[in-house]
Amino acid sequence: MLQQKHLLGLEDYPAEDIQTIIDTAFEFRAVLERPIKKVPSLQGKTVVNLFFENSTRTRISFELAQKRLSADTVNFSASSSSLKKGESFKDTAQNIEAMKIDAIVMRHPTPGSPLQLTKYVDAVVINAGDGTHEHPTQAILDMMSLQERFGKVAGLKVGIIGDIAHSRVARSNIFGLTSLGAEITVCGPATLIPPEIERLGVTVSYDLDAVLDWADAVNVLRIQRERMGVGLFPSVREYRSLFGITVERLERIGKEVVIMHPGPMNRGVEIDSTVADGDQAIILDQVLNGVASRMAVLFLLLGGKI
Amino acid sequence: MKIRTQAKQIVLKGGTIFDPFRRTLETGDVFIQEGKIKAVGKITGPEGAEIIDCTGLIVTHGFCDLHVHFREPGREDKETLKTGTNAALAGGFTRVCVMPNTDPPMDSPEAIRFVVEKAAELPVHIHPIGAMTKGQRGNEISEMGAMKSEGAVAFSDDGFPVANGQVMRLALEYSRMIGMPVINHAEDPLIRNEGVMNEGIVSTRLGLPGNPDVAESVMVLRDLELAQMTNARIHVPHVSTARAVDHIRRFKNNTQLALTAEVTPHHLYFIDEALMTFNTNLKVAPPIRSEKDRVALIEGLKDGTIDCIATDHAPHTIEEKEATFDLAPFGLIGLESCFGAVNKILGRQSGLSLETILTLLTLQPRKIMGFEVDLFAENCEAELVALAADEEWVFGENDIFSRSRNTPFLGETLIGKPRYTITKGIVAESG
Ligand SMILES: [Zn+2]
């Protein structure tokens, strides 16, 4: 059992519970390797995937996790623009709750909305990404992938590369990894490093080569081209030359660094295609571990039986 | 709260009278006849007068708030002059200045007259502040002279910073000509950008867009430079940052500028850590800042850099504040909780004397606007409050008299509560 009813974020989330989720995820990972990949653990439970923002990958990953656990799943997509037009967030939440469901997996563009949701519903709430705040299941699957590769997370040196300021993946990874005892360096353009981030227990660097030289693994974030339009970085060309994970750069380092990416990738921008498809990358393991991690979260929060 | 018409003769009996004008503090009685002060001191009789027992209470000038939003006309679902008046009475306020960001904005003599006429029959003195620019659009200065004639007491586009420095300069020059203060909501809109809370470690943790302290301080500095150049009167509203306090202090020390400033109870009470709960009632402009800023604001009050307390009472509907954090509007209500909050922070926690705190709520704001300040003088219209200054109480829904409920003070233990508010022929009595 986990200490908290919901999974809203990894900030101040108990380290032992993160570890429990990861350990449980490995058990489900074994299930996913079997010919019959379905278990009856959550039979009779209903989970709603409430997505206020498009994210096919995350939704499919959650949906698959729910189906593998034999839960009933419903997808509800609402664009946030319809909310702006007057349908209140509270109404949507209460309508779904009224249909007697057990859990809500929510993706929403606004930080804090999952916490707000817990005030309007009794169901278990799982945050599938709240704007630029947190994306806890992504960080859990990242940590699971690191543990799979290195045997443990504690003591690992992990670089997080790219737009830290606007990344929920970065935040949840920082909270989770520091909690499990990894060392973190964040690296990206100064305009995309949020203020006082050192106070979260990370080091800031603008020198990608030095970070690659130091790190056991790097998590490469997707760079959003919209950020360029408002001058947060000058050009894709310059971004790639300073912060792109290129073949040449990795060759120059002359040591193995594990490469992770939460997807979807901008091949040729933050990461070269050859790198993404190469031996050092564990990007597809992350995808599979994502299903296993989400199964573990759902299973533990909904009190399923093996 | 019970509101009743004043008896012909009232004696406030046995209170501790604090006169901020003479700065005297002594036990005594106040005799009010037909709404006017008749005598202060040891009073016997008169026969048949209503006696209000003020034993254990502080009797002082009614509070004066230079910064409230009463939303009328246009957003009567949030507040009206009448409901705002009730909130004021509950908070011990007898005089308020209403900001012009109504719908339509109060940018004309007709709009000013509407408020003045409507307020005439209400038991709190309500003074309109006229818009500084037409439509509060920040492009063209408004008819300040005509608005002054109808009763406007200052000019402001509050809610909207005047971003155009040339327009600000013209507004200052023009208002100086008619001897009126200008109040600019100082937040550089481009530096503030999309910010919804203070920029710092807390915004970094929450992933919310930050509004850095310099967004305020660069515009305050610009305004002070322009006011000095034009020799105008300027009042800086809701100072929230240590940097802005520094600028104001420097100008007060080194220039002859007619410069005044206010701070809100919420900027004295809360820090950005409180936003970890994503409470939309703490979403306000300027934002709740860091502890370092909060301490600087208190220092600014102690050394006279900041002149007075003003609530920036800004009602919004429950529906609006139930939205997600990005969509919820900026602002919170503050009249009812004001004294209990500032008395707790400034008195109990920061060592300011009760007399100083009361002066910040009474004499100081009245001086800034040129209102009557000798309120215990014989024949002065009674505008008083009697307070239980040491009472600890938990601020709850029942203490709200505004039409709106958007306050982060719900559930907070406050120290000091207005008991009687006496103004314009009525006595408002709180439980
Ligand atoms: Zn303002």
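Here, every reference points to the structure presented above.
Below is a summary of the structure that appears in this document. (Residues numbered from 1 in each chain as written. Chains lettered and ligands numbered in written order. Predicted model: local features only at pLDDT ≥ 70, side-chain atom pairs only at ≥ 80, totals over all residues. Heavy atoms only, no water.)

### Some points on the overall build of chain B
Right, on to step 1. Per the secondary structure count, chain B includes 14 helices and 19 strands.
Right, on to step 2. Here the C-alpha atoms of chain B give a radius of gyration of 21 Å, agreeing with the 22 Å that 2.2 N^0.38 yields for 431 residues.
Right, on to step 3. Here the C-alpha coordinates of chain B stretch approximately 65 × 45 × 45 Å along the principal axes.
Right, on to step 4. Sorting the 431 residues of chain B into buried and exposed places 64% on the buried side.
Right, on to step 5. Looking at chain B alone, contacts between residues at least 24 apart form 75% of all its contacts between residues at least 6 apart.
Right, on to step 6. When the accessible area of chain B is evaluated, it comes to approximately 15000 Å², of which 49% is carbon and sulfur surface. (Helix = DSSP H or I, 4+ residues; strand = E, 2+ residues; numbered from the N terminus. Rg over C-alpha atoms; globule rule 2.2 N^0.38 Å. Buried < 20%, exposed > 50% of the residue type's maximum accessible area, 1.4 Å probe, protein only. Contact = heavy atoms within 4.5 Å. Areas by Shrake-Rupley, 256 points an atom, 1.4 Å probe, with all protein chains shown as cover.)

### Digging into the coordination of the zinc ion
Six octahedrally arranged donors around a metal ideally form angles of 90 or 180 degrees; four tetrahedrally arranged donors ideally form angles of 109.5 degrees.
Residue and element names in this part refer to chain B.
Right, on to step 1. Looking at the metal site, the zinc ion is ligated by Asp158 (OD), His185 (ND1) and His238 (NE2), spaced 2.0 to 2.3 Å from it.
Right, on to step 2. Going along the chain, you hit the donors of the zinc ion in the pattern D-x26-H-x52-H. You can see His185 sitting in the loop between β11 (182-183) and α5 (189-192) and its partner His238 sitting in the loop between β14 (233-236) and α8 (242-254), a full 53 residues away along the chain. Like His185, the residue His238 is buried in the burial classification. (Donors = N, O, S within 2.8 Å, 3.2 Å for Na, K, Ca; no water.)

### Notes on the packing of helix α7 (residues 213-230) of chain B against α8(B)
Residue and element names in this part refer to chain B.
Right, on to step 1. The interhelical angle for the contact between α7 and α8, taken along N-to-C directions, is 20°, at an axis separation of 8 Å. On the basis of their axis angle, the class for α7 and α8 is roughly parallel. Viewed along their axes, α7 and α8 form a crossing whose handedness is right-handed. Side by side, α7 and α8 meet where Asp213, Val214, Glu216, Ser217, Val220, Leu221, Leu224, Glu225 and Gln228 of the first sit next to Arg243, Ala244, His247, Ile248, Arg250 and Phe251 of the second.
Right, on to step 2. In the contact of α7 with α8, the residues fall into seven nonpolar, three polar and five charged. (Axes fitted to C-alpha atoms, helices over the stretch in contact; angles between N-to-C directions. Parallel < 35°, antiparallel > 145°, perpendicular 65-115°, else oblique. Left-handed = near helix turned anticlockwise from the far one by under 90°. Nonpolar A, V, L, I, M, F, W, Y, C, P; charged D, E, K, R; others polar.)

### Let's talk about the packing of aromatic side chains
Right, on to step 1. This model, assessed by the stated rule, comprises eleven aromatic pairs over all chains.
Right, on to step 2. For the pair A:Tyr239 and A:Phe243, a centre-to-centre distance of 5.7 Å together with 45° between the ring planes defines the contact as tilted. Of the two residues, A:Tyr239 and A:Phe243 are both situated in helix α10 (residues 236-243); the distance of four residues between them amounts to about one turn of the helix.
Right, on to step 3. The class of A:Tyr239 is buried, set by a relative accessible area of 3%.
Right, on to step 4. The buried category is assigned to A:Phe243, whose relative accessible area is 5%.
Right, on to step 5. Each ring, one from B:Phe63 and one from B:Phe339, has its centre 5.6 Å from the other, and the planes form 35°; the classification is tilted. Of this pair, B:Phe63 sits in strand β7 (residues 63-68) while B:Phe339 sits in helix α12 (residues 338-349), placing them 276 residues apart in sequence. Accessibility classification places B:Phe63 together with B:Phe339 in one group, the buried group. (Phe/Tyr/Trp six-rings, centres within 6.5 Å; stacked < 30°, edge-to-face > 60°.)

### Notes on the interface of chain B and chain A
Right, on to step 1. Opposite the 18 residues of chain B that make contact, chain A presents 23 residues.
Right, on to step 2. For the pair chain B and chain A, the two sides together bury roughly 1700 Å², of which 58% comes from carbon and sulfur.
Right, on to step 3. By the criterion of area lost to chain A, the three top residues of chain B are B:Ile201, B:Thr204 and B:Arg205, representing 34% of everything that side buries.
Right, on to step 4. Joining chain B to chain A, the criterion identifies two salt bridges.
Right, on to step 5. B:Arg205 is the salt-bridge partner of A:Glu11, the closest N and O atoms lying 2.6 Å from each other.
Right, on to step 6. Our count for the contact surface shared by chain B and chain A stands at nine residue pairs in polar contact (both at pLDDT 80 or more).
Right, on to step 7. Of the residues contributing to the side of chain B that touches chain A, the split by class is eight nonpolar, six polar and four charged. (Buried area = accessible area lost by both parts, 1.4 Å probe. Salt bridge = Lys/Arg side-chain N within 4 Å of Asp/Glu carboxyl O. Polar contact = N/O pair within 3.5 Å; in protein donor to acceptor, adjacent residues only side chain to side chain.)

### A short note on the nonpolar core
Right, on to step 1. Core analysis: the largest hydrophobic core is formed by 158 residues, its most contacted members being A:Met143, A:Val186, B:Ile126, B:Leu268, B:Ile309 and B:Leu346.
Right, on to step 2. Considering each element in turn, this core owes the most residues, nine residues, to helix α13 (residues 283-301) of chain A.
Right, on to step 3. When we break this core down by domain, the ones giving at least three residues each are domain 1 (15-134 + 289-301) and domain 2 (136-286) of chain A. (Core = buried A, V, L, I, M, F, W, Y, C linked by side-chain atoms within 4.5 Å. Domains from an automatic or database assignment.)

### Some points on the packing of helix α4 (residues 165-177) of chain B against α7(B)
All names here are of chain B.
Right, on to step 1. At a closest axis distance of 9 Å, the pairing of α4 and α7 adopts a crossing angle of 45°. Classified by the angle between their axes, α4 and α7 sit oblique to one another. In this structure, the crossing between α4 and α7 has a hand that is right-handed. Contacts between α4 and α7 involve Gly165, Met168, Arg169, Leu172, Glu173 and Arg176 from the first element and Arg222, Asp223, Leu226, Ala227, Met229 and Thr230 from the second.
Right, on to step 2. Residue composition of the contact of α4 with α7, by class: five nonpolar, two polar and five charged.

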